[in-house]
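So the chains spell out like this:
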Amino acid sequence: MAAPLTLGLVLTGGCSASSPAAAPGVTREACPHAIQRDKGCIYLGVLSDLNNGPFAPLGKSLQDGQVAFWNEVNKQGGIGGYEIDITTYTRDTAYDPRRHVTEFENIAPHVLALAMSFGTAQTLAVLHEMDEADLVTGAGTLWSGWQYRGTDRDLVLDDGFSYCTEAVLGLDWFAQNFYQPRTLGVVAYRGNYGGDYASGALKWALDNGATITERIDTGPNTEVGTQDYPVAELLADPPDVVLLATGPAETAEIVGKLAKSGYTGRFLGSTPTWNSALLKTPAAPALTALYNYTSPFDGWDGASTGAQRARNAAPSEPTNFGYNLGWAISYPLKALLTKAAETGGMDRPTLRKALAGLTVDSEGMAAPQIYGRDEPDVAAQRAVVNVPDPSTALGSRTVVADYRSPTLKRISMHEPCTR
């Protein structure tokens, strides 16, 4: 692993000799592809899975949504006399924490903030350096720790629910719309993503008289080869419902193999489990019949103002629903930059201070979010529930756009679900 980025290194970059800037990532010179050449440029970095990692299709689509969002901001005049560039310092980290650290060190001297840091372990790997440099980031991760001041250090602009509360929301909706499950099987990636989702399933089970009969750790197929082990474990003692916190490829394999082997229960997946490309796999019939997934944001068919703006801004139909996620997660950073501009300081310390009390509504794409609090109001979180549908655009249809959880109103959560 490369040596940690020092504060001194961060503070020396980001401006040219001919056009000094007040802060890293802020220049008086126009952005490379500026709409108005008389405006300065704010450079935002992106660290994401863009090519060969387990979430590359999602990462690419997220990036498309973010680019479309900031293009619209620039068309509307930018922020505080600046346009925004998020492409110059976009880097592929392949969902690898070590590569994430390396690429962070490469771009950190040149950016005001990160538009997105993709992955929980990946973001945690650079959190200390972010803290030293007052460098905030948009969240490409739904780990519950980002919703608590003690763990996110007022640096991560999360939005929507956490993986932990996502499981609670999904199970409440499932129980109300299909059947009350008494036994749950959970297949989840090792680490914060899968652990957080599994913790939420356990909280729901304890509050609703259910039992987790299988809690199975797995990894991407690039690491573990196949999902034969989880499938065999679930077939040995079939639960009423299988919860998944994996990548899309693993989801298709698990659902397809279980259905083919005679499993008669249903499947509930976390946001990253879905990709419309799964409709081109042999698992497509089982997925459309037996699987639902949740999301914190309105999808392509969403009715909110934000979803309508996202559709109107798309240069063509996106490849998958990640476009909407990328658009939605951009609202908090836009609000933060706007607040900082109003206070007259477009620099990292000002951005970090401006996070306290910041309220963002994402034009209805997600529940309103208030930042800088000690802990979240989990009862106010909501889920968008979706079902695969090959007859619709992007192969997915919204079942309910604003689902609220009765269980989250009953249980207390005062710290991250996983550490």
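For the structure given in this document, a descriptive report is provided here. Within every chain, residues take consecutive numbers counted from 1 along the sequence as written. Where local features are concerned, this predicted model is filtered to residues with pLDDT of at least 70; where side-chain atom pairs are given and counted, the filter is 80 or more; whole-chain, interface and lining totals use all residues. Side-chain numbers here rest on the full set of heavy atoms in the structure, without hydrogens or water.

**Description of the nonpolar core**
Then, number 1: One finds L44, W70 and L337 to be the most contacted residues of the largest nonpolar core, which totals 127 residues.
Then, number 2: The element best represented in this core is helix α7 (residues 163-177), accounting for 9 residues.
Then, number 3: Note on definitions: a residue-residue contact is assigned when non-hydrogen atoms from the two residues lie within 4.5 Å. For L44, the residues in contact, after removing those within four places along its chain, are W70, I84, D85, I86, Y89, V111, A113, A115, L333 and L337. Residue types Ala, Val, Leu, Ile, Met, Phe, Trp, Tyr and Cys, when buried and joined through side-chain atoms within 4.5 Å, form a set referred to as a nonpolar core. Each residue is placed in one exposure class: buried if its accessible area under a 1.4 Å probe, protein chains only, is under 20% of its type's maximum, exposed if it is over 50%, and partly exposed if it falls in between. Under the scheme used here, helices are H or I runs from DSSP no shorter than 4 residues and strands are E runs no shorter than 2 residues, and both carry numbers assigned from the N terminus.

**Describing the environment of I411**
Then, number 1: The topology assignment puts I411 in the segment after α17 (406-410).
Then, number 2: Setting aside residues no more than four positions away along its own chain, I411 makes contact with K203 and D207.

**Some thoughts on the pairing of strand β6 (residues 137-140)**
Regular strands place their side chains on alternate faces of the sheet.
Then, number 1: The sheet contact formed by strand β5 (residues 113-118) and β6 spans 3 bridges and is parallel. Across the sheet, residue S117 finds its bridge partner in β6, namely A139.
Then, number 2: As judged from the 2 bridges shared by β6 and strand β7 (residues 156-157), these two strands associate in the parallel manner. Within β7, the residue paired with T137 across the bridge is V156. In this description, strands pair whenever DSSP reports at least two bridges between them.

**Some remarks on the sheet that holds strand β11 (residues 266-269)**
Then, number 1: Taken together, 7 strands build an open sheet; the order of strands is β9-β8-β10-β11-β12-β15-β16 and the sheet is mixed. In this open sheet, the two strands that pair with only one neighbour each are β9 (211-218) and β16 (396-404). Neighbour-to-neighbour, the strand axes of the sheet open up by a mean angle of 20 degrees, direction not taken into account.
Then, number 2: Direction of pairing for strand β15 (residues 382-388) relative to β16: antiparallel, over a ladder of 6 bridges. Each bridged residue has a counterpart across the sheet, and for A383 the counterpart in β16 is Y403.
Then, number 3: Here helix α8 (residues 192-208) sits on the sheet in contact with β8 (183-189), β9, β10 (241-245) and β11, set at roughly 165 degrees to β8.
Then, number 4: Where helix α10 (residues 228-236) meets the sheet, it contacts β8, β9 and β10, and its direction lies at approximately 165 degrees from that of β9. Convention adopted: a line fitted to C-alpha atoms gives each axis, helices being fitted over their contacting stretch, and angles between N-to-C directions are expressed from 0 to 180 degrees.

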